[in-house]
Amino acid sequence: MAKVHDTKPAADGFHMPGEDAPHSEIWMAWPERPDNWRNGAKPAQGCFVEVAKAIAGATPVTMTVSAAQYDNARSRLPDNIRVVEMSTNDSWMRDIGPTYVVNGRGERRGVQWDFNAWGGLVDGLYFPWDRDDQVAGKICEIHRDASYRAGIILEGGSIHTDGDGTLFTNEECLLHPSRNADMSKAEIEQALKDNLGVEKVLWLPEGLYSDETNGHIDNLIHVVRPGEVILSWTEDKDDPQYAISQRAYEFLSNATDAKGRSFRIHKVHIPGPLYFTEEEAAGIDMSDGMEREAGERMAGSYANFLITNGRIILPLLDPKWDGPARDVLQEAFPDFEIVGVQAREILLGGGNVHCITQHVPAV
């Protein structure tokens, strides 16, 4: 069994690297829940295959899949993508996988957060979530990586770091009563510093409009490099997202990072707005937690991309805005190859490319 340390990563000299640091692996989980993915998850599975193939051109990919879906996933995925049987409740690997930390001596360890399906019995999206909660430990076991149990409820999509001492999150999510209601903001911030080896936590006010994760940071912003961020944006003053983006822009414009840098902000216009169609909603099994109704607005975002080994996997969501989003990212990442993947089917499930992937740093 891989060792689980009872100390804290920061005290042991570990920190969370930026997403642009080298990766040895990307983990994903095969979608199959019929109450979240339409038409028995077949359209979503096709989309996940395309994302995995796009990543595999730069980084090895492992897809976890249930026993029932193993043969299907193995036959649909190319041979260069590893398929591993692992039980999950759904397929949001960013939120259920381990958050990795590294030190200066070529070592890495995983951080296991507690997972409660984005809100537990307060406003969680499904029950049970026990299999998802085991995934981080299982991945550390497979890699033979030691780990830590952080002891707080947190999802990987609710944090971003620049790898240089600064962590980004937002109050809407981490201070929500459905996460760690018994902890103060100061206590949560200290837990982030202890577990991720960061020096400064920047608390943006809220996340993207209509985001059912209580506003994950990875739908609102993405870190380009220290002192530089991508921000979801709209010029439509009648869109509820307008005020949210304005507040985020004002916050970041007046903030400095852990090293005292001011921020350069790249605005990337949101797609749409995008809404469930009658056909899409009709293909989803009814359930208690997740609302999937015709006309419901989805939290579409181009900031929800993945950076891996010199390549960016960009969700394509709206012909009007796909091109401008690619242009903004190419300017921000001039040395990166940008690969677009049609991603509406992921968005129908409640997230996007960043949400369904979790990276393992190379050491």
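In case you missed it, the structure is sitting above this.
Note that the structure is a prediction, hence the values are computed from the model and not measured. (Residues numbered from 1 in each chain as written. Predicted model: local features only at pLDDT ≥ 70, side-chain atom pairs only at ≥ 80, totals over all residues. Heavy atoms only, no water.)

(A) Representation of the nonpolar core within the structure. Judged by nonpolar contacts, the single largest core of 72 residues is most densely connected at Met 28, Leu 77, Ile 230 and Ile 346. Considering each element in turn, this core owes the most residues, 9 residues, to helix H1 (residues 42-56). Look past the residues within four positions of Met 28 in its chain and what remains in contact with it is Phe 48, Val 51, Ala 52, Ile 55, Val 61, Thr 62, Met 63, Thr 64, Met 93, Ile 356 and Thr 357. In this structure, Met 16, Trp 113, Ile 159 and Leu 174 belong to the second largest nonpolar core, which totals 20 residues. (Core = buried A, V, L, I, M, F, W, Y, C linked by side-chain atoms within 4.5 Å. Buried < 20%, exposed > 50% of the residue type's maximum accessible area, 1.4 Å probe, protein only. Helix = DSSP H or I, 4+ residues; strand = E, 2+ residues; numbered from the N terminus. Contact = heavy atoms within 4.5 Å.)

(B) Just unusual backbone geometry, in detail. The omega torsion of the bond from Phe 127 to Pro 128 falls at -5°, within 30 degrees of zero and hence cis. By secondary structure assignment, the location of Pro 128 is in the loop between helix H4 (120-123) and helix H5 (130-142). Unlike most non-glycine residues, Asn 39 shows phi in positive territory, near 50°. By the element assignment, Asn 39 lies in the loop between strand E2 (23-29) and H1.

(C) Structural detail: the packing of aromatic side chains. Under the counting rule described, the total for this entry stands at 9 aromatic pairs. Their ring planes at 85° and their centres at 6.0 Å tell us that Phe 305 and Phe 333 sit as a pair that is edge-to-face. Placement of the pair is Phe 305 in the loop between helix H10 (278-282) and strand E14 (306-308) and Phe 333 in the loop between helix H11 (319-332) and strand E16 (337-342), with a sequence separation of 28 residues. Residues Phe 305 and Phe 333 agree in their burial class; the two are buried. Arranged with centres 5.1 Å apart and planes meeting at 70°, the rings of Phe 333 and Phe 336 form a pair that is edge-to-face. Like Phe 336, Phe 333 is buried. Each member of the aromatic cluster is reached from another via a ring pair, and the members are Trp 37, Phe 48 and Trp 92. The ring of Tyr 100 carries the charged tip of Arg 108 above its face, separated from the ring centre by 5.7 Å. (Phe/Tyr/Trp six-rings, centres within 6.5 Å; stacked < 30°, edge-to-face > 60°. Lys NZ or Arg CZ within 6 Å of the ring centre and 35° of its normal.)

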